[in-house]
Amino acid sequence: GNLPAEAEWDERKSIGIVLAAEGYPETVRQGDVISGLGQSPENTKIFHAGTTMSADGHILTAGGRVLCVTALGDTVLEAQVNALEVCGQVTFTGMQYRTDIGYRAIARENG
């Protein structure tokens, strides 16, 4: 049967950074092997968007917005640092991402 769902809220701040394929947002590369997905530290999660699995078990790029690296922190800056650390561990040919995600919120936190 259907049981009622319960939401749990975390008071920490979060940041999500999209890892995009080469050529995004125009014509993008596809079929590149993605490395470094198994190394995410605690308080981070990688969401798949434009990915697929090859017959031999490799995760491959399959779209423009390939992954979204999310991280938690006590401050937005800490969340950003945690997310960027994971972004530095993941690799695929032509990978691109912004390093300034959250800058407005960080400025507001710092007054």
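Residues numbered from 1 in each chain as written. Predicted model: local features only at pLDDT ≥ 70, side-chain atom pairs only at ≥ 80, totals over all residues. Heavy atoms only, no water.

A. Region of interest: unusual backbone geometry. Cis geometry is adopted by the peptide bond preceding Pro-25, which originates at Tyr-24 and carries an omega value of 10 degrees. As for its position among the elements, Pro-25 is in the loop between β1 (13–20) and β2 (44–48). Here Asn-43, not a glycine, exhibits a phi torsion of approximately 75 degrees, which is positive. Assignment of secondary structure puts Asn-43 in the loop between β1 and β2. (Helix = DSSP H or I, 4+ residues; strand = E, 2+ residues; numbered from the N terminus.)

B. Highlighting the state of the cysteines. Tallied over the entire structure, the rule returns zero disulfides. Unpaired in this structure, Cys-68 has its nearest cysteine sulfur neighbour in Cys-87, at a distance of 8.5 Å. (Disulfide = S-S within 2.5 Å.)

C. Molecular detail of the environment of Ala-107. Mapped onto the elements, Ala-107 comes out in helix α2 (residues 103–109). Take Ala-107: its relative accessible area is 48%, and that puts it in the partly exposed class. Through-space distance from the C-alpha of Ala-107 to that of Arg-12 is 17 Å; in sequence the pair is 95 residues apart. (Buried < 20%, exposed > 50% of the residue type's maximum accessible area, 1.4 Å probe, protein only.)

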